[in-house]
Amino acid sequence: MSDENSNILVYLTGHGGDGFLKFQDTEEMNALELSDVFQQMHEKKRYNEIFFMIDTCQAGSMVLPIKSPNIIGVGSSSVGQDSLSHHGDHEIGVYVIDRFTYFTLEFLEKIRPDSRATLSQLFKIYSTADIRSTPQYSNLKLFKTRKPGDVLITDFFGSVRQTVVFDEGAGIVTLNRTVERTVEREVDSNSDNVVLELVSQLPF
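Remember, predicted model here, so these are calculated numbers, not experimental data.

Asker: Break down a nonpolar patch on the surface for me, citing the residues and quoting the values.
Answerer: A contiguous nonpolar surface patch, about 270 Å² in accessible area, is contributed by Ile-92, Val-94 and Val-96. Locating Val-96 in the fold gives a position in strand E8 (residues 94-98). For Val-96, a relative accessible area of 47% puts it in the partly exposed group.

Structure follows, in structure tokens:
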């Protein structure tokens, strides 16, 4: 469950159009529904920051309606533009990745867990010559906590977590590994001890 301290990545891709995204050609989400989801998350304090990416035709129409604070959104294409594929698989006869996603992955594959690369650096790779469309961004003034140049890629795509090591034991009780059948230890009725049952199905 996310809370007010959570940084969340939302990445959507599929067929879309002006103000909607389709899922497997059976269901769709429109821009107002998506914007409302983000607003409810804000009101319920379900995030600290959100990085929203969407790769679909006319992706900008899904990004522009977002009005909730502390959300950076980027779409692969502006309103009225298609989001084009990069290459296909000749054996199965379909395109396998769009240009926006291809160049995003190419950038991310060079990122190490301790990288200092920022969202601004990611945005610079989205050239019209490469992705064959014009990326559309959300209103960056709504991202009030910091500037894109201060937001690390690893704040959303993974990082090295701090690990706390304790010297004292964790109080783990080990069980007899030779048990092959159910064993009951009877206790005196005046004792506070609980009857223990060990069954042979336990993964000793």
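Asker: I'd like a rundown of the packing of aromatic side chains, residues and numbers included.
Answerer: Under the counting rule described, the total for this entry stands at 7 aromatic pairs. Taking the centre distance of 5.2 Å and the plane angle of 85° together, the rings of Tyr-102 and Phe-103 count as edge-to-face. Phe-103 sits in the buried class, given a relative accessible area of 12%. Here the aromatic cluster, defined as three or more aromatic residues joined through ring pairs, consists of Phe-51, Phe-123, Tyr-137, Phe-156 and Phe-157.

Asker: Lay out the sheet that holds strand E6 (residues 71-75) with the relevant residues and their values.
Answerer: Pairing within the open sheet is mixed, and its 4 strands lie in the order E1-E5-E6-E9. Because the sheet does not close on itself, it has two edges, and the strands there are strand E1 (7-13) and strand E9 (136-137). Looking at chain direction, E6 and E9 are connected through 2 bridges and run antiparallel. Counterpart to Val-74 in the pairing with E9 is Tyr-137. Across the sheet, helix H1 (residues 31-43) is in contact with E1, strand E5 (49-55) and E6; its angle to E5 comes to roughly 165°.

Asker: Can you tell me about H1, naming the residues and giving the values?
Answerer: For H1, which comprises 13 residues, the first-to-last C-alpha distance of 18 Å matches the rise-based estimate of 18 Å (1.5 Å per residue) to within 8%. Among all positions of H1, only Ala-31, Leu-34, Ser-35 and Phe-38 are buried. Projected onto a plane normal to the axis of H1, the buried residues spread over an arc of 100° and lie on a single side. In H1, those exposed residues whose orientation departs by more than 90 degrees from the buried face are Leu-32 and Glu-43. Where H1 begins, the side chain of Asn-30 points an oxygen toward the backbone nitrogen of Leu-32, at a separation of 3.0 Å. Two residues or fewer after H1 comes Lys-45, characterised by a positive phi angle close to 55°.

Asker: Tell me about the sheet that holds strand E4 (residues 27-30), residues and numbers included.
Answerer: A sheet is described by the order of its strands in space; here 3 strands give the open sequence E2-E3-E4, paired in antiparallel fashion. Both outer strands of the open sheet, strand E2 (16-17) and E4, are each paired with one neighbouring strand and no more. Taken together, the 2 bridges between E2 and strand E3 (residues 20-23) define a ladder with antiparallel strand orientation. If you follow Gly-17 over to E3, its bridge partner there is Phe-20.

Asker: How would you explain a negative patch on the surface if you had to name every residue and give the values?
Answerer: A cluster of acidic side chains, namely Glu-28, Glu-33, Asp-36 and Glu-43, defines a negative patch on the protein surface. Broken down by element, the negative patch gets its largest block of residues, 3 residues, from H1. Here Glu-43 lies in helix H1.

Asker: Any chance you could break down the nonpolar core for me, citing the residues and the numbers?
Answerer: In terms of nonpolar packing, the biggest core is built from 18 residues, with Phe-51, Leu-122, Phe-123 and Tyr-126 touching the most fellow members. Every element with two or more residues in this core is listed here: E5, E6, helix H3 (99-108) and helix H4 (119-124). At 4 residues, H3 tops the list of elements feeding residues into this core. When near neighbours in sequence (up to four residues on either side) are disregarded, Phe-123 contacts Phe-51, Ile-72, Val-74, Tyr-137 and Pro-148. Membership of the second largest hydrophobic core comes to 15 residues, among which are Leu-12, Phe-38, Phe-52 and Val-63.

Conventions we followed
- Residues numbered from 1 in each chain as written.
- Predicted model: local features only at pLDDT ≥ 70, side-chain atom pairs only at ≥ 80, totals over all residues.
- Heavy atoms only, no water.
- Patch = residues over 30% accessible without salt bridge, like charges linked within 9 Å, V, L, I, M, F, W, Y side chains within 5 Å.
- Areas by Shrake-Rupley, 256 points an atom, 1.4 Å probe, with all protein chains shown as cover.
- Salt bridge = Lys/Arg side-chain N within 4 Å of Asp/Glu carboxyl O.
- Helix = DSSP H or I, 4+ residues; strand = E, 2+ residues; numbered from the N terminus.
- Buried < 20%, exposed > 50% of the residue type's maximum accessible area, 1.4 Å probe, protein only.
- Phe/Tyr/Trp six-rings, centres within 6.5 Å; stacked < 30°, edge-to-face > 60°.
- Pairing = 2+ DSSP bridges.
- Contact = heavy atoms within 4.5 Å.
- Axes fitted to C-alpha atoms, helices over the stretch in contact; angles between N-to-C directions.
- Expected span 1.5 Å × (residues − 1).
- Arc of directions from axis to C-beta.
- Polar contact = N/O pair within 3.5 Å; in protein donor to acceptor, adjacent residues only side chain to side chain.
- Lys, Arg positive; Asp, Glu negative; His and termini not counted.
- Charge placed at Lys NZ, Arg CZ, Asp CG, Glu CD.
- Core = buried A, V, L, I, M, F, W, Y, C linked by side-chain atoms within 4.5 Å.

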